[in-house]
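Okay, here's what each chain looks like letter by letter:
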Amino acid sequence: MTVEISEKLSEPQKKKINWLNVTYPWIVPIVIVIAWQLVGSLGFVEEHILPTPSKILTTFGTLLGNGELFYHLTVSGQRVLLGFALGVGVGVLLGVMTGFSRLAQEVIDPSLQMLRTVPLLALIPLFILWFGVGEFGKVFMISIGAFFPVYVNFFLGIRLVDQKLIEVSEILQFSFWGKLTKVIIPSALPNILLGIRLALGTSWLVLVVGEMMGTSAGIGYMIQDARAYAQTDIVFVGLVMFALLGKCSDSLVYAIERKSLKWRDTFKG
Amino acid sequence: MSERALVIERLNKIFTTPNERVVALREIDLQVKQGEFITVIGPSGCGKSTLLKIVAGLDVEYDGKVELNGQQIKGPSLEKGFIFQEPRLFPWLTVEKNIAGDQSLKDPKVRGKVHELIRLVKLEGFEKAYPKELSGGMAQRVSIARALLRKPDILLLDEPFGALDAFTRSHMQEVLLNIWETNKTTMIFVTHDLDEAVFLGQRVVIMNPRPGHIKSVLPIELSFPRKRSSLAFQEMRRTVLNEFEKVEEESYTVGAGI
Ligand SMILES: Nc1ncnc2c1ncn2[C@@H]1O[C@H](COP(=O)(O)OP(=O)(O)OP(=O)(O)O)[C@@H](O)[C@H]1O
Ligand SMILES: [Mg+2]
């Protein structure tokens with residue numbers, strides 16, 4: 001060989017934690033909370049309209065102490081988890097079916113697309129008529145909410161797999177399992193994770209709506225109940241809970257996304 | 001070198017699209033010996049890729065006889081390796097996993113072979129790199145290593161070095177010749193580059209478009225390693241060029257008539 005090309009990977013750079021970057025996202029919330037506290041403490045706004053952060057924190061402590069918050073949380077958590085799991089399960093199943101088979105696509109997809117255009121919340125009266133205000137109706141609503149984003153994105157993810165890479169896997173004689181795990185799933189993963197993130201969002205939304213229309217437990221009920229007695233601080237505790245739960249579940253999926261999609265070469269801003 | 005590995009007789013291929021019928025290949029006859037290095041050149045659209053895809057088993061809707069080691073080709077198989085014009089690596093797999101494909105790197109035998117190939121294509125140090133971290137030439141070398149891991153009897157290459165710069169290209173040609181000499185793999189190499197065709201091939205197949213057919217097959221009787229600067233090489237190159245220009249003229253006259 002006459003031509004020598006030497007290429008070596010340079011040592012990977014040590015990651016330095018940049019404290020400035022870590023603090024940036026907190027600047028705006030902290031300023032708002034301080035201003036909020038001041039507005040309340042100085043008596044500009046009445047407490048039953050806007051309780052101060054310190055008051056909300058105390059209420060939070062009380063609700064946590066007497067176990068009430070935890071009770072509502074478990075009830076809500078169960079509903080979301082069940083509905084989400086059901087919706088995602090069926091969504092994956094149908095999405096994979098229609099993704100792989102044109103026949104399944106032509107039989108199933110048009111009907112589902114039609115159903116998808118009906119706003120979910122418009123179905124609530126029907127659900128109350130059919131299932132009453134019990135657990136089943138709520139879980140079912142949540143699962144429908146979780147179903148569509150998962151279904152649509154699984155289907156799309158599979159159909160977006162590059163035909164050229166499928167050709168490679170045929171040339172190399174991958175087994176069906178190899179094709180699935182080395183080509184189709186990794187390629188569809190960005191869409192799959194997007195579908196799951198969207199499904200989580202809708203699950204929380206539908207949960208709140210469901211819990212506000214007749215039930216005796218759950219964070220949504222807690223908020224509704226507190227409103228009736230003008231306990232604005234409890235309303236806020238409920239809202240903060242929803243914000244925290246939504247953010248946590250979303251961050252979890254986002255973390256998985258970042259870890260499993262590090263091969264991607266995309267614009268990072 | 002006497003055994004015929006690939007036998008193509010009266011191969012015809014027609015593409016039917018809703019509004020037309022394209023005769024991509026007409027009456028192709030070609031016999032390739034075991035271990036032979038064939039290069040194929042011809043103007044764009046003359047059916048070179050179509051021919052390779054049929055031999056690879058990626059396209060089985062054709063008429064005629066296409067036999068590899070006495071067996072009619074009905075689909076892809078591990079005896080037939082294919083290197084595409086673009087590297088077509090799996091972007092989510094590291095270099096070594098791309099080469100291993102659906103074989104497990106945990107198997108020490110696979111691991112050993114993969115690393116040997118990485119050395120062969122001079123990519124040591126990049127085992128764990130993702131395709132996005134590679135240059136075009138490096139990526140194409142990975143795809144060559146990937147094809148070689150399966151130890152194909154016949155390697156089909158569709159303009160594999162088309163996107164490379166002159167320097168990397170000549171390096172890759174050396175690598176390929178090296179592999180050919182050690183493994184005795186039968187090669188069918190499609191290229192746009194006349195120089196490349198003469199440098200690599202024991203026979204050059206010249207194809208003509210509309211409909212795609214073989215115009216002539218020229219033997220290149222120069223021993224390896226070949227020197228581009230040698231008089232014999234220049235002479236050979238001129239002969240092929242003459243033949244090729246005839247093809248081009250014909251194709252332009254036909255083209256002008258349409
Ligand atoms: N899938 C297809 N459907 C219809 N026609 C096709 C298809 N693939 C190729 N053709 C036609 O067949 C002919 C040969 O195409 P092919 O890709 O084999 O040419 P080529 O010699 O490889 O050209 P190039 O050098 O540009 O790669 C062209 O006229 C092309 O339009
Ligand atoms: Mg081509």
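The structure presented is a predicted model; accordingly, all values stated were derived computationally and were not measured.

1. Brief notes about the side chain of A:Asn153
Residue and element names in this part refer to chain A.
For step 1, the next point in the chain: Here Asn153 is to be found in helix H6 (residues 135-159).
For step 2, the next point in the chain: Residue classification places Asn153 among the buried residues on the basis of a relative accessible area of 8%.
For step 3, the next point in the chain: Within the structure, the side chain of Asn153 is placed 2.9 Å from the backbone oxygen of Pro149, a separation counted as a polar contact.
For step 4, the next point in the chain: In contact with Asn153, other than residues within four places in its own chain, are Asn191, Leu194, Gly195 and Leu198.

2. As for the UniProt feature "domain: ABC transmembrane type-1" (unreviewed entry) in chain A
For step 1, the next point in the chain: The UniProt record marks residues 69-253 of chain A with the feature "domain: ABC transmembrane type-1" (unreviewed entry), using the residue numbering of this structure.
For step 2, the next point in the chain: Taken as a whole, residues 69-253 of chain A contains 85% helix and 0% strand, while its terminal C-alpha atoms sit 25 Å from one another.

3. Looking at helix H1 (residues 48-56) of chain B
All names here are of chain B.
For step 1, the next point in the chain: Burial analysis of H1 places seven of its nine residues in the buried class, the great majority of the element.
For step 2, the next point in the chain: Every buried residue of H1 is listed here: Lys48, Thr50, Leu51, Leu52, Ile54, Val55 and Ala56.
For step 3, the next point in the chain: Residue Gly57 follows H1 closely and has a positive phi angle near 90 degrees.

4. Regarding the sheet that holds strand S1 (residues 4-17) of chain B
Strand pairing in a sheet takes place through backbone hydrogen bonds and is either antiparallel or parallel in direction.
All names here are of chain B.
For step 1, the next point in the chain: Strand order in this open sheet of four strands is S2-S1-S4-S5, and the pairing throughout is antiparallel. Two strands close off the open sheet at either side, each with one partner strand: strand S2 (20-33) and strand S5 (71-72).
For step 2, the next point in the chain: Note: S1 against S2, ten bridges, orientation antiparallel. Paired with Lys13 across the strands is Leu25, a residue of S2.
For step 3, the next point in the chain: Against the sheet, H1 touches S1, S2 and strand S4 (63-68), its axis set at about 120 degrees to S1.

5. Remarks on the sheet that holds strand S9 (residues 203-208) of chain B
Residue and element names in this part refer to chain B.
For step 1, the next point in the chain: The mixed open sheet is built from six strands, whose spatial order is S6-S7-S8-S3-S9-S10. The open sheet has two free edges, formed respectively by strand S6 (80-83) and strand S10 (213-219), since each of these has just one partner strand. Strand-to-strand twist across the sheet, computed as the mean angle between neighbouring axes with direction ignored, equals 20 degrees.
For step 2, the next point in the chain: Summarising the sheet, S9 and S10 pair through six bridges and their orientation is antiparallel. Directly across from Val204, in S10, lies its bridge partner Leu218.

6. A few points about the interface of chain B and chain A
For step 1, the next point in the chain: If you look at the interface, chain B gives 35 residues, while chain A gives 28 residues.
For step 2, the next point in the chain: Across the interface of chain B and chain A, roughly 3,100 Å² is buried in total on both sides, 67% from carbon and sulfur atoms.
For step 3, the next point in the chain: The tally of links between chain B and chain A comes to three salt bridges.
For step 4, the next point in the chain: Where A:Glu167 meets B:Lys53, a salt bridge forms, and the shortest distance between an N and an O atom there is 3.6 Å.

7. Describing a positive patch on the surface
For step 1, the next point in the chain: On the surface, a cluster of positive charge is made up of A:Lys259, A:Lys262, B:Lys97 and B:Lys106.
For step 2, the next point in the chain: Take A:Lys259: its relative accessible area is 64%, and that puts it in the exposed class.

8. With respect to the site of ligand 1
All names here are of chain B.
For step 1, the next point in the chain: Close contacts around ligand 1 come from 13 residues, with Ser44, Gly45, Lys48, Ser49 and Thr50 the closest.
For step 2, the next point in the chain: One of the backbone nitrogen or oxygen atoms of Gly45 is found 2.8 Å away from an oxygen atom of ligand 1.
For step 3, the next point in the chain: Between ligand 1 and Lys48 there is a distance of 2.7 Å, counted from an oxygen atom to a side-chain nitrogen or oxygen.
For step 4, the next point in the chain: Contact with the protein chains removes 62% of the 630 Å² of surface that ligand 1 exposes when unbound.
For step 5, the next point in the chain: At the level of secondary structure, the elements contributing two or more residues to the shell around ligand 1 comprise S1, S2 and H1.
For step 6, the next point in the chain: For the shell around ligand 1, the element with the most residues is H1, which contributes three residues.

9. Some details on the nonpolar core
For step 1, the next point in the chain: Membership of the largest hydrophobic core comes to 87 residues, with the highest contact counts inside it found for B:Leu6, B:Ile8, B:Leu11, B:Val66, B:Ile188 and B:Met207.
For step 2, the next point in the chain: When residues in this core are grouped by element, the largest group, 13 residues, is from helix H8 (residues 176-212) of chain A.
For step 3, the next point in the chain: With residues up to four places along the chain from it excluded, the contact list for B:Leu6 reads B:Leu30, B:Gln31, B:Val32, B:Val55, B:Val66, B:Glu67, B:Leu68, B:Ile73, B:Ile154 and B:Ile188.
For step 4, the next point in the chain: With 51 residues, the next largest nonpolar core counts B:Ala147, B:Leu157, B:Val175 and B:Leu194 among its residues.

10. Some points on the pairing of S4(B)
Residues and elements named next belong to chain B.
For step 1, the next point in the chain: Note that S1 and S4 share five bridges and pair antiparallel. What sits directly across from Glu9, in S4, is Lys65.
For step 2, the next point in the chain: Bridge analysis of S4 against S5 gives two bridges, and the strand direction is antiparallel. Its bridge partner being in S5, Glu67 is matched across the sheet by Gln72.
For step 3, the next point in the chain: Where S4 folds back onto S5 in an antiparallel hairpin, the turn is made up of two residues, including Asn69, whose phi is positive at roughly 50 degrees.

11. Quick notes on the packing of aromatic side chains
For step 1, the next point in the chain: On inspection of all chains with the given rule, the structure shows 20 aromatic pairs over all chains.
For step 2, the next point in the chain: Taking the centre distance of 5.5 Å and the plane angle of 55 degrees together, the rings of A:Trp36 and A:Phe236 count as tilted. One end of the pair, A:Trp36, is in helix H1 (residues 19-41); the other, A:Phe236, is in helix H10 (residues 232-260), with 200 residues separating them in the sequence.
For step 3, the next point in the chain: An aromatic cluster is defined as three or more aromatic residues linked by ring pairs; in this entry it consists of A:Phe127, A:Trp130, A:Phe131, A:Phe136 and A:Phe140.
For step 4, the next point in the chain: Here the basic side chain of B:Lys13 rests over the ring of B:Phe15, its NZ or CZ set 4.7 Å away from the ring centre.
For step 5, the next point in the chain: When the ring centre of B:Phe199 is taken as origin, the NZ or CZ atom of B:Arg228, which lies over that ring, is 3.8 Å away.

Cut-offs used in this document
Residues numbered from 1 in each chain as written. Chains lettered and ligands numbered in written order. Predicted model: local features only at pLDDT ≥ 70, side-chain atom pairs only at ≥ 80, totals over all residues. Heavy atoms only, no water. Helix = DSSP H or I, 4+ residues; strand = E, 2+ residues; numbered from the N terminus. Buried < 20%, exposed > 50% of the residue type's maximum accessible area, 1.4 Å probe, protein only. Polar contact = N/O pair within 3.5 Å; in protein donor to acceptor, adjacent residues only side chain to side chain. Contact = heavy atoms within 4.5 Å. UniProt positions renumbered as here; feature names shortened; annotations may be inferred. Pairing = 2+ DSSP bridges. Axes fitted to C-alpha atoms, helices over the stretch in contact; angles between N-to-C directions. Buried area = accessible area lost by both parts, 1.4 Å probe. Salt bridge = Lys/Arg side-chain N within 4 Å of Asp/Glu carboxyl O. Patch = residues over 30% accessible without salt bridge, like charges linked within 9 Å, V, L, I, M, F, W, Y side chains within 5 Å. Areas by Shrake-Rupley, 256 points an atom, 1.4 Å probe, with all protein chains shown as cover. Lys, Arg positive; Asp, Glu negative; His and termini not counted. Charge placed at Lys NZ, Arg CZ, Asp CG, Glu CD. Near = heavy atom within 4 Å. Core = buried A, V, L, I, M, F, W, Y, C linked by side-chain atoms within 4.5 Å. Phe/Tyr/Trp six-rings, centres within 6.5 Å; stacked < 30°, edge-to-face > 60°. Lys NZ or Arg CZ within 6 Å of the ring centre and 35° of its normal.

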